[in-house]
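Breakdown of the fold
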Amino acid sequence: MSSAEMHSLVPPCGRHRGRPSKEGVAGHEPRRIRMPALHLTNPATGRMTESVPADDRGSVRAKFRAARHAQPDWAQRPLANRLKVLAKFRAAIVAETEKLARTLTLDMGKPITQSRNELKGLLPRLDFFLAAAGRALRRETVFDDAKTRLVEEITHEPLGVIANISAWNYPYFVGSNVFVPALLAGNAVLYKPSEFAARTGLEIARLLHASGVPADVFAPLIGTGEIGAAVLRLPIDGVFFTGSVATGRKIARAVAGRFIKVQLELGGKDPVYVCDDVDVTAAAAAVADGAFYNTGQSCCSVERVYVHQAIFGRFVNEFVATVKQFRVGDPAEETTYIGPLTRAAQLDVLAAQVADAKAKGARVLLGGKRLRGFGRGHYFEPTVLVDVNHRMSVMREESFGPIIGLMAVRDDEQAVELMNDSDYGLTAGVYSRDRARAESILRRVHAGSAYWNCCDRVSPRLPWSGVKNSGVGLTLSRYGIQTFTRPKAWHLRRS
C-alpha cells in the first residue's frame with residue numbers, strides 16, 4: 001500500500017442491496033450485482049489498460065470468515081505436506097517465468113530484464129524457506145532432567161489469520177518474504193497487493209491455488225487503500241506491511257491496543273560511503289547500479305553517497321559516465337535499464353527535490369527534470385547532483401526514483417556522522433579495500449543491514465529489518481519464519 005492509499009481513501013462501490021433476487025420468478029429479470037472495479041494503468045504510457053474486479057468491505061469480511069474457518073485444517077496438515085505444496089508453487093514460477101515477467105513489467109514499469117531477474121532471484125529465496133522451515137518450526141527440547149523427571153519444550157504455533165499488505169516495487173520478493181513462511185507455519189493469509197501491482201498479485205494467487213493452497217487459506221484482496229483499511233478493522237492475528245512511513249503510522253494506530261503481531265518495513269534513505277583506498281572506476285559503477293537499478297524504486301536503493309574528498313572529483317566523473325550509459329526507454333525492450341516511475345505522483349516529488357537542492361546551492365550534473373519524449377509515461381531523467389548538503393530534501397527525504405546526491409567528506413568520522421544524520425536506518429554500505437576499516441565504520445552506523453563493498457542486496461539467510469523510521473519487526477532468515485508463530489512453553493513431568 002503506497003503512502004497515497006491511506007491519505008486518499010476512496011470508498012469502494014458497494015454491492016447493490018435490497019430484497020432477495022427474483023430469478024426464476026415469472027415476469028422478473030435476474031438481479032445483477034455490480035462489482036467494484038480497479039482500473040489499471042501502464043506507467044510506460046500513462047494510459048489505462050484494463051479493469052479488474054475489486055473487493056469491497058463486504059467481500060473482505062467474507063474472505064476473513066472463510067480464512068478463519070479454513071486455517072485450522074491447513075495448520076493441522078503435516079509440515080511435509082505444506083512444503084510439498086510450496087515446492088509446486090516454485091515449479092510453477094519456473095514454468096511461467098516469461099509470462100509472469102511481462103505481467104510485472106506491464107503492472108509497474110520494471111524493465112523486462114529486471115522483471116526476469118526478480119523471478120529468477122525468487123527461486124533461491126523459496127529454496128531457503130523450503131530448506132529452513134523444518135529446523136525453524138521443529139519442537140525443541142530445552143531441558144530434560146532425569147532426577148526430577150521434568151522436561152521443558154517449546155513449540156511454534158501459527159498466529160492464525162494474518163494480513164499481508166504488500167508493495168508494488170518488488171511484489172514477488174516483498175510478498176514472498178511474508179506469505180511463504182506464513183503459509184509454511186500454518187497461517188491463513190489475506191493478501192492485499194498494491195493496486196499498482198494488482199495483476200501480479202492475482203497471478204501469485206492463481207499459482208498458489210493451482211499448487212494446492214486452498215483458496216480460503218490464501219485470499220487476495222484487490223483494491224485501493226480502503227481495502228487495506230477494511231482488513232485492519234477485522235480481528236486478524238497479525239499485520240505485515242511494506243510501504244511508506246505515513247501509512248505505517250496509520251496501520252500502527254489502527255491496530256493499537258489489540259496486541260497483535262505487527263511488522264512494518266517502511267523504507268529508507270540508504271547511505272554509502274566510498275573511502276579513499278578504492279578502485280574508483282569499479283566503486284562508481286557499483287554504487288551507480290545500486291542507486292538506479294529498478295529506476296531507483298527499491299527499499300534499499302542507494303539514496304545518498306558520501307565520498308572521501310581525496311577521490312571525490314575522480315569518483316564523480318566515473319559515476320556520471322556510468323549513469324550516462326544507462327538506457328532509458330520502453331520497459332518491454334530488452335536493452336532498457338531505466339523505465340518509468342510506477343506512480344505518476346512521484347514525478348512531482350523528484351522535481352521538488354531538484355528545485356529545493358538547486359535553490360540551496362546544488363549543481364545538477366545530469367538530468368533534473370521529467371522526460372517528455374514518452375507521451376504520458378511517468379519518466380524522469382536519471383539525475384546526479386553535487387554540492388549537496390543536509391539542508392536539502394534530496395539528502396534527507398526518501399526519493400524512490402532515479403536521483404542521487406554525491407557529497408564530499410573530509411574523513412571517516414564525518415562520514416559516520418552524516419550517515420547517521422537521518423530519520424531512517426534500513427541499510428548502509430562502505431566501499432574500501434580494508435575490511436577492518438569498513439567494519440569499524442559500519443558498527444557505528446545505525447542500520448538494520450551493513451554492506452561492505454556491495455549494496456542494494458537482500459539475502460534470505462539474513463534478517464531484513466530496520467531501525468528508526470525504517471520500521472519495526474523483521475522478515476527473512478530463521479527469525480523471519482518464526483515471526484509467523486507464537487512460542488508455546490511445555491512443562492512436562494514424567495509419571
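Residues numbered from 1 in each chain as written. Predicted model: local features only at pLDDT ≥ 70, side-chain atom pairs only at ≥ 80, totals over all residues. Heavy atoms only, no water.

Remark: helix α3 (residues 79–95) packs on helix α7 (residues 198–211), axes separated minimally by 8 Å, with the N-to-C direction vectors making an angle of 130 degrees. For the element pair α3 / α7, the angle class is oblique. Read as a crossing pair, α3 and α7 show a hand that is right-handed. Every residue of α7 that contacts α3 at Val85, Leu86, Lys88, Phe89, Ala92 and Ile93 is listed here: Ile204, Leu207, Leu208 and Ser211. Residues of the contact of α3 with α7, tallied by class, amount to 8 nonpolar, 1 polar and 1 charged. (Axes fitted to C-alpha atoms, helices over the stretch in contact; angles between N-to-C directions. Helix = DSSP H or I, 4+ residues; strand = E, 2+ residues; numbered from the N terminus. Parallel < 35°, antiparallel > 145°, perpendicular 65-115°, else oblique. Left-handed = near helix turned anticlockwise from the far one by under 90°. Contact = heavy atoms within 4.5 Å. Nonpolar A, V, L, I, M, F, W, Y, C, P; charged D, E, K, R; others polar.)

This model, assessed by the stated rule, comprises 29 salt bridges. Lys192 is the salt-bridge partner of Glu195, the closest N and O atoms lying 4.0 Å from each other. Taking the relative accessible area as the measure of exposure, Lys192 reaches 1% and is therefore buried. Through salt bridges that share partners, Glu96, Lys99, Glu203 and Arg206 make up one connected network. (Salt bridge = Lys/Arg side-chain N within 4 Å of Asp/Glu carboxyl O. Buried < 20%, exposed > 50% of the residue type's maximum accessible area, 1.4 Å probe, protein only.)

Let us look at the sheet that holds strand β20 (residues 471–472). Taken in spatial order, the 6 strands of this open sheet run β7-β6-β5-β8-β9-β20, and their pairing is mixed. The sheet terminates laterally at β7 (218–220) and β20, the two strands that pair on one side only. Across the face of the sheet, helix α2 (residues 57–76) comes into contact with β5 (161–165), β6 (188–192) and β7 while running at roughly 155 degrees to β6. (Pairing = 2+ DSSP bridges.)

Below, the discussion takes up the nonpolar core. Side chains that are nonpolar tend, in soluble globular proteins, to be buried together. Of all hydrophobic cores here, the largest spans 114 residues; its most connected members are Val274, Phe315 and Phe319. Here this core gets 11 residues from one element, more than from any other, and that element is helix α5 (residues 112–137). Core analysis: the second largest hydrophobic core is formed by 28 residues, Val354, Met407, Val409 and Val430 among them. (Core = buried A, V, L, I, M, F, W, Y, C linked by side-chain atoms within 4.5 Å.)

For the protein chain, per-residue confidence averages 93 on the pLDDT scale, and residues scoring 70 or more make up 93% of the total. This stretch, residues 1–32, has a pLDDT under 50; its non-local contacts, to residues over four places away or in other chains, come to 59 contacts. (pLDDT = per-residue confidence, 0-100.)

As a further point, take the packing of helix α4 (residues 97–108) against α5. Packed helices, taken two at a time, are described by their axes: the angle between them and the distance between them. Relative orientation of the contacting elements α4 and α5 amounts to 125 degrees, with a least axis distance of 8 Å. Put simply, α4 runs oblique to α5. Two packed elements cross with a definite hand, and for α4 against α5 that hand is right-handed. Between α4 and α5, the residues in contact are Thr97, Glu98, Leu100, Ala101, Arg102, Leu104 and Thr105 and Ile112, Ser115, Arg116, Glu118 and Leu119, respectively.

Moving on, we get to the pairing of strand β4 (residues 150–158). Of the pairings in the sheet, the one linking strand β3 (residues 140–145) to β4 comprises 5 bridges and is antiparallel in character. Bridge pairing in β4 links Asp144 to Val151. Counted along the chain from β3 to the antiparallel partner β4, the turn is 4 residues long, and its residue Arg149 has a positive phi close to 60 degrees. Strand direction decides the pairing type here: β4 and strand β22 (residues 485–493), joined by 9 bridges, are antiparallel. Counted as the bridge partner of Val151 is Leu492 from β22.

Now for the packing of aromatic side chains. The full count for this structure, using the stated rule, is 14 aromatic pairs. Taking 5.7 Å as the distance between ring centres and 75 degrees as the angle between the ring planes, the aromatic pair formed by Phe179 and Tyr191 counts as edge-to-face. Here Phe179 is found in helix α6 (residues 171–184), whereas its partner Tyr191 is found in strand β6, with 12 residues between them in sequence. Each member of the pair, Phe179 together with Tyr191, is buried. Of the aromatic side chains, those joined through ring pairs into one cluster are Phe292, Tyr293, Phe315, Phe319, Phe326 and Tyr337. (Phe/Tyr/Trp six-rings, centres within 6.5 Å; stacked < 30°, edge-to-face > 60°.)

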